[in-house]
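# Working through the structure, step by step
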Amino acid sequence: MSSEIGVALNGNEPWPEVQKMVSLMDASGVETLWLASHLFQREPVASAAAILSATSRLKIALMAMSPFSVHPVYIAMAAATLDELFPGRVSLCIGVGAPRDLEAAGIESDKPLLVMREALELCRALLSGEVVRFQGKRFQVEGRALEAGKRNVPLILAASGPKMLKLAGSHADGLLISAAASVAFIQSCLVETAAGEAESGSKIRRMGLVYAAIDDDEKRAFDSLRRKMAFILRGMHHKTNIELGGGTLDQPALAKAYASSDWPTVDSLVSDDIVRRHAVAGKPDDVRKRLSDYEEVGLDQLIVTGVSSAEELAPLLNSLAAIRD
C-alpha cells in the first residue's frame, strides 16, 4: 500500500478512549491524526496539544477550522503555536464548516469561496513570519506579525464543489475530500483540483476521509456506519457525490428523519447499497479490497474515520497493515 494512513476523530469520542486509540496509532505507523473542529464538540487545539505531548511521532491536522466561526488570525496563531512546541508535526486544514452546525450557532456562511480564498491567503502570509498588511473584503490585518515567527505548517483546504476544488489546487498545499465520498466522486474532485494546479503551476497533496468498519458479521459492520453516514449524506451538497456513486438516496427524507431522531427510518434510508458505495465496510477480505479501491484512485493519504473506540480501530489498522505487506 503506497498511500499514507491517517485516522480522523470527530470530537465526540470520550477522552479515555481517545487516549487508547492514540497509543495504537502512534505504535502502528499511522501518519496523521485528523482532529475535527465541529461546533459543540470537543475543541481540537486543546486536544492536539495533549496528544502531541503524549506521543513521539504522530502528526496532527486541525480539521477543518472555519473562518466563519474563528478569525483566520486566531486560526494561524493556534497552528503556529502548536508547531513551535512540536515542530514539523502540525498541519492546518480550513473549511466552511457543517452548515447545520453554523446555523445552530447563529453564524451565516455567505460568500464561502471569497472567505476561503482570503483565509488561505491571510493564514499563509501570517505563517511566513513577515509583517502582514492584508486588505480583503472580509478580513483585514494592518502591519502585524505572528509572535511565533515563521512556521512551516502545510495549509489544506476541505473542498467538494468545483470552484472550491480549483481554489485548493491554486492556493493550498493540500486537498481534503469529505467522508462518505464514492470512488467516482473522488476521481471527479481530483480532476477539478488539477485545473487549479495547472493555473498555479503547483502540485498539491490529496487526502480523503473514508468511513470504515470491519467485522466478521457484515450487517454489524454496516449498521455501525449508517447513522454516521446519514449525518454527512443528508446534506444536499452531496447530491453529485450520490449520483456519481451510482446509488439512490432520498436526501430530503433522510434530513427530516435525522432531524427528528427517527433512527429506524434513518437506518432504512442508508441502505446496504449506499454503505457499499460510500464506505469501506464488511468482512476483512471485503474491507481490504475496498481500501485498495480508494487507494488506487490516487490519494496521497487515506484517512479512515467512523471509529469511536480502540476495539474498532485495531482490526482496521491490521487490515491496512496487511494491504501494505
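Refer to the preceding data block for the structure.
Now for a look at the structure at hand. No experiment lies behind these values; they were computed from the predicted model shown.

All right, on to the side chain of E197 then. Position of E197 relative to the elements: it lies in helix 7 (residues 183-200). Classification of E197 by relative accessible area gives buried; the value is 7%. Among the polar contacts listed, one links the side chain of E197 to the side chain of R206, at a separation of 3.0 Å. Not counting residues within four places of it along the chain, the set of residues in contact with E197 comprises G169, S170, S202, K203, I204 and R206.

This part is about the layout of surface pockets. Here the second largest pocket defines a volume of roughly 250 Å³. T32, K59, S91, P154 and R205 are the residues nearest the centre of the second largest pocket, which is lined by 18 residues in total. At the level of secondary structure, the elements contributing two or more residues to the lining of the second largest pocket comprise strand 2 (32-36), strand 3 (59-65), strand 4 (90-94) and strand 9 (205-214). Across the lining of the second largest pocket, the residue classes break down as six nonpolar, six polar and six charged.

Below, the discussion takes up empty space enclosed by the protein. Tallying each qualifying case throughout the model produces one cavity of 30 Å³ or more. Of the pockets and cavities examined, the largest cavity occupies roughly 100 Å³. L9, N10, G11, E13, W15, V18, L35, A36, R42, P44, S47 and I51 together form the lining of the largest cavity. Put simply, the parts of the chain that give the lining of the largest cavity at least two residues each are helix 1 (15-28), strand 2 and helix 2 (44-54). A per-element tally of the lining of the largest cavity places helix 2 first, with three residues. Among the residues forming the lining of the largest cavity, the class breakdown is seven nonpolar, three polar and two charged.

The next subject is the environment of R234. Within the secondary structure, R234 sits in the loop between helix 8 (218-233) and helix 9 (239-245). For R234, a relative accessible area of 10% translates into the label buried. Separated by 15 residues in the primary sequence, R234 and L249 have C-alpha atoms spaced 9.0 Å apart. The contacts of R234, once residues within four sequence positions are left out, are R100, Q251, L254, A255 and Y258.

What counts as what
Residues numbered from 1 in each chain as written. Predicted model: local features only at pLDDT ≥ 70, side-chain atom pairs only at ≥ 80, totals over all residues. Heavy atoms only, no water. Helix = DSSP H or I, 4+ residues; strand = E, 2+ residues; numbered from the N terminus. Buried < 20%, exposed > 50% of the residue type's maximum accessible area, 1.4 Å probe, protein only. Polar contact = N/O pair within 3.5 Å; in protein donor to acceptor, adjacent residues only side chain to side chain. Contact = heavy atoms within 4.5 Å. 1 Å grid on protein atoms, 1.4 Å probe; cavity = no way out; pocket = protein on both sides within 12 Å on 5 of 7 lines; lining within 4 Å. Points joined across faces, edges and corners; volume = space filled by probe spheres on them. Nonpolar A, V, L, I, M, F, W, Y, C, P; charged D, E, K, R; others polar.

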